[in-house]
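Understanding the architecture of this molecule
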Amino acid sequence: MKGLLKNPAVNAVCLSLFSAFYGLIFIITSGHIEFKSLLYYSRTARIYPFWTAWSSFLASGHHVYIAFTLIAITMLVVFMLLMRRRPYDEYHTANLIQCLVVAAILTLIAIAVFYLMILSDPNGIVEKFTLFIVINWTTVVLSDLVFVFVCRWR
């Protein structure tokens, strides 16, 4: 596993594939009438201000901006990764593992919170799952960005 992590291109490919997948899903569903019909809180009374605002944000198709932002950050990270001509040493590999561990811990926390949200109110699953994906993938992309910056300066 450490052998794969030493190669910056492996990191770039993995990050690119997932960002392209999530970005494509967000772009396709943005403004799509069937996606809008799945949103629960945009059609209900404004009892939950946060969920109503998030649902309205999604119904308006504004999650395309999230997709473009994550794709842009991913492109920056991939560019910086591919500009590196040599494999990472043990120190950089250890830093990458630490960044991935932090992302994994934050993901586990997000899964627990997501599960509690669904147990407390199963309505609005699309809004809640979309928020989970946004938080999760933003955490992964930003932790990779931090890793790339740290490795460039050391």
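Please read these numbers as outputs of a predicted model, since none were measured by experiment.

1. Focus: the pattern of salt bridges
- Within the structure shown, the criterion is met by 1 salt bridge.
- Here Asp 121 ties to Lys 128 by a salt bridge, and the two come within 3.9 Å at their closest N and O atoms. Across the pair, exposure class does not vary: Asp 121 and Lys 128 are buried alike.

2. Some thoughts on the packing of aromatic side chains
- Per the counting criterion, the structure on display carries 11 aromatic pairs.
- By the ring-pair criterion, three or more aromatic residues cluster together here, those being Tyr 40, Tyr 41, Tyr 48, Phe 50 and Trp 51.
- When the ring centre of Trp 51 is taken as reference, the NZ or CZ atom of Lys 128 above it lies at 5.7 Å.

3. Let's talk about the nonpolar core
- Among the nonpolar cores identified, the biggest contains 38 residues, and Trp 54, Val 77, Trp 137 and Phe 147 are the most heavily contacted of them.
- Secondary-structure elements contributing two or more residues to this core are α2 (8–29), α4 (49–59), α5 (63–83), α6 (90–120) and α7 (125–153).
- Among the elements that take part in this core, α7 stands out by supplying 12 residues, more than any other.
- Not counting residues within four places of it along the chain, the set of residues in contact with Val 77 comprises Leu 15, Val 141, Asp 144, Leu 145 and Val 148.

4. Quick word on α4
- Trp 51, Thr 52, Trp 54, Ser 55, Leu 58 and Ala 59 are the residues of α4 that are buried. Relative to the axis of α4, the buried residues are bounded by an arc of 165 degrees and lie together on one face.
- Following α4 by one or two positions, Gly 61 has its phi on the positive side, about 80 degrees.

5. Structural notes on the side chain of Ser 143
- Locating Ser 143 in the fold gives a position in helix α7.
- Judged by its relative accessible area of 13%, Ser 143 falls in the buried class.
- Excluding its chain neighbours within four sequence positions, the residues that come into contact with Ser 143 are Cys 99 and Ala 103.

6. Considerations on the confidence of the model for the protein
- Across the protein, the average pLDDT comes to 86, with 97% of residues at 70 or higher.
- The secondary structure element of the protein with the lowest average pLDDT is helix α1 (residues 2–5), at 70, and the one with the highest is α5, at 93.

7. Examining the layout of surface pockets
- As a volume, the largest pocket reaches approximately 350 Å³.
- Every residue lining the largest pocket is counted, 18 residues in all, and those nearest its centre are Asn 11, Cys 14, Leu 15, Leu 100 and Val 140.
- Listed by contribution, the elements that provide at least two residues to the lining of the largest pocket are α1, α2, α6 and α7.
- In terms of residue count, α6 provides more of the lining of the largest pocket than any other element does, 6 residues in total.
- The residue makeup of the lining of the largest pocket, split by class, is 14 nonpolar, 3 polar and 1 charged.
- Roughly 170 Å³ of volume is contained in the second largest pocket.
- Along the walls of the second largest pocket sit Phe 21, Tyr 22, Ile 25, Phe 26, Thr 29, Phe 35, His 63, Val 126, Phe 129, Thr 130 and Ile 133, which together make up its complete lining.
- When contributions to the lining of the second largest pocket are tallied by element, the ones reaching two or more residues are α2 and α7.
- Looking at which element gives the most residues to the lining of the second largest pocket, the answer is α2, with 5 residues.
- A per-class count over the lining of the second largest pocket returns 8 nonpolar, 3 polar and no charged.

How each quantity is defined
Residues numbered from 1 in each chain as written. Predicted model: local features only at pLDDT ≥ 70, side-chain atom pairs only at ≥ 80, totals over all residues. Heavy atoms only, no water. Salt bridge = Lys/Arg side-chain N within 4 Å of Asp/Glu carboxyl O. Buried < 20%, exposed > 50% of the residue type's maximum accessible area, 1.4 Å probe, protein only. Phe/Tyr/Trp six-rings, centres within 6.5 Å; stacked < 30°, edge-to-face > 60°. Lys NZ or Arg CZ within 6 Å of the ring centre and 35° of its normal. Core = buried A, V, L, I, M, F, W, Y, C linked by side-chain atoms within 4.5 Å. Helix = DSSP H or I, 4+ residues; strand = E, 2+ residues; numbered from the N terminus. Contact = heavy atoms within 4.5 Å. Arc of directions from axis to C-beta. pLDDT = per-residue confidence, 0-100. 1 Å grid on protein atoms, 1.4 Å probe; cavity = no way out; pocket = protein on both sides within 12 Å on 5 of 7 lines; lining within 4 Å. Points joined across faces, edges and corners; volume = space filled by probe spheres on them. Nonpolar A, V, L, I, M, F, W, Y, C, P; charged D, E, K, R; others polar.

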